[in-house]
Every structure is written in structure tokens, then in C-alpha cells.
Amino acid sequence: MTVYFIGAGPGAPDLITLRGARIIERAPVCLYAGALVPDELLELCPPGARLVDTAHLDLDQILDELVAADRRGDDVARLQSGDLSVFSAVAEQVRRLEAAGVAYEMVPGVPAFAAAAAALGRELTVPTVGQSVVLTRVARNATAMPPGETLAAFGRTRALLVLHLATHLADGVVAELVPHYGADCPAAVVALASRPDEVVVRCTLGELGDQVRAHGIRRTAVLLVGQVLAASEFADSHLYSPARDRHDCALPQPVAADRTP
């Protein structure tokens, strides 16, 4: 059998990949992340499938379910919100599956920050304004951040910051970032991205804490800070530049090898 870790996307049921949906349709066991996974995805499960809400299970209990399925020879669709590559808590599950000799596969999904960018109608990398995106979080009451990975350190780059799990600490975020970005730096908070009750707030960094409170945003949200959020005066990308075509044409062409005997 195989445990398929599936990025279930940011919330809209149609933002799951075709690969993920097809695995759900044939998996006799489905573990899903409670309120973070839309009910419509569970409706894809085959009749009689074992459905397990992991919202109130600890890691050992989740692994017990996966190992039990392995012993029965049942494939598992393990649905996790967003994408598996960031803040998914997949690493510790994979480590235990490897120790238990259980096969697994990872199926990527649409990450929350991408859904937030779509809600804002913004590209997060804009020519001459910002070409880097920092995905990070705040450590208070959570797993400690590694040394050097601080908001102040990231702030000194002035790159676009996307903060997960930080809405309840918005005032602290503002205090740490204002010295580097300035209080008038463009900012935004997107909650429940891609869902019917999505909330999109555009503001400045200095207003961010007040706006989070004013809209009652507590969870399932990302904070974004950076000049690209309001960029309008910037050079066109080199990708579509006529100069690029001229440059490409000027490149030396391959010379055919002389095969004369």
C-alpha cells in the first residue's frame, strides 16, 4: 500500500490537482485535516471508505491509523491543507513512516500564499521592485525558530514577506518590521483565501495590527508586507522584451560537425 500525502489546497474544493482528486476517488482510507479541508473533497471518497478527522489526534494516533492501513493493504489519502512543501507538518509523519517501512508519496497542492496573491490580484515578484519572497512565521507559543531566522533579519532584505500563523501577533510584527520597511510600506492580510467567506484587506504596515482586529481575523490567514503589493512604476520583464529577441538572435549558432570522411 501507499500513503499519499495530498496538498488539498487553500480551501476552494476545485483548487485540488487532478492527481490528488483521482487518488481520493480510489483510496479506501482518507485522513483529513478537520475544518481546513472542504467537505466537497470528502464526497470524492469511494463508498464505504474509512474517514478519519485528524483535528483532535496527536501524531502517534495519526501514525497508528497509517500503519494499520498498511497492515490491511489499504492505500491512504492523507489530505493536508494548502501545499505540502511549507508549514504542513509532513516531515515528522514521513520520518515515522520511513522508520516503520511504510511507503508514501507526496502530491503537491496550491499553497495559501499563492491563493492570497490571486485574491490580491498581484504577482509577488515584480521587475526592478522585488524578486524575492520570504515565507516565514512568528515563533511565540510555537516551535522555536532556528537561530538567525528572525523578522529583523528578513526585514533587512526588504524582500516581500509572507507570514503564516501570525495574525494574533500582528502588533509585534509591525513593531519589528517598521524600522526596516517604514510604516507606510504596503501590506495586506488575506484570510480564508479562495473560500466563499474570503477576507482581503489592503493597508499599510503601520495599519496592519488595527486592520486585523477591525476585521476580526484570527486564523487561516497570511500577512504580506512589501513594496511589490502596490508597485505600478516598474520596467517590463525581460521575458517579453524586444531586446531579448535581438539578443537571442545575436547568439552564436551551433556549427554542424564536418563528417566528411
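It should be noted that the structure appears before, not after, this text.
Definitions and limits used
- Residues numbered from 1 in each chain as written.
- Predicted model: local features only at pLDDT ≥ 70, side-chain atom pairs only at ≥ 80, totals over all residues.
- Heavy atoms only, no water.
- Helix = DSSP H or I, 4+ residues; strand = E, 2+ residues; numbered from the N terminus.
- Buried < 20%, exposed > 50% of the residue type's maximum accessible area, 1.4 Å probe, protein only.
- Polar contact = N/O pair within 3.5 Å; in protein donor to acceptor, adjacent residues only side chain to side chain.
- Contact = heavy atoms within 4.5 Å.
- Axes fitted to C-alpha atoms, helices over the stretch in contact; angles between N-to-C directions.
- Parallel < 35°, antiparallel > 145°, perpendicular 65-115°, else oblique.
- Left-handed = near helix turned anticlockwise from the far one by under 90°.
- Expected span 1.5 Å × (residues − 1).

## Points about the side chain of Gln80
Point 1. Secondary-structure assignment places Gln80 in strand 4 (residues 76-80).
Point 2. Taking relative accessible area as the criterion, Gln80 reaches 6% and is therefore assigned buried.
Point 3. A distance of 3.5 Å separates polar atoms of two side chains, one belonging to Gln80 and the other to Arg78.
Point 4. A polar atom in the side chain of Gln80 sits 2.6 Å from the backbone oxygen of Ser88.
Point 5. Setting aside anything within four residues of it in sequence, one finds Gln80 in contact with Phe5, Ile6, Gly7, Ala8, Gly9, Ser88, Val90 and Gln93.

## A word on the packing of helix 3 (residues 59-72) against helix 4 (residues 91-100)
Point 1. Where helix 3 meets helix 4, the axes come as close as 11 Å, and the angle between the chain directions of the two elements is 45 degrees. Taken together, helix 3 and helix 4 sit at an angle that is classed as oblique. Both helix 3 and helix 4 take part in a crossing whose hand is right-handed. Taken together, the residues of helix 4 that come into contact with helix 3 (itself represented by Leu59, Asp60, Ile62, Leu63, Leu66 and Val67) are Glu92, Gln93, Arg96, Leu97 and Ala100.

## Here we look at unusual backbone geometry
Point 1. We note that Leu165 has phi near 55 degrees; this positive angle belongs to a residue other than glycine.
Point 2. Among the structural elements, Leu165 can be located in the loop between strand 7 (160-164) and helix 7 (170-181).
Point 3. In this structure Leu165 comes out as exposed when scored by relative accessible area, which is 56%.
Point 4. A positive phi is found at Ser194, a non-glycine position, where the angle reads about 80 degrees.

## A word on helix 3
Point 1. Compared with an ideal rise of 1.5 Å per residue, which puts 14 residues at 20 Å, helix 3 spans 20 Å between its outermost C-alpha atoms and is within 8% of the ideal.
Point 2. Taken together, the buried positions of helix 3 are occupied by Ile62, Leu63, Glu65, Leu66, Val67 and Ala69.
Point 3. In this fold, the buried residues of helix 3 make contact with strand 1 (3-7), strand 2 (29-32), strand 3 (50-53), strand 4 and helix 4.
Point 4. Structurally, the start of helix 3 carries an N-cap: the backbone nitrogen of Asp60 is 3.2 Å from a side-chain oxygen of Asp58.

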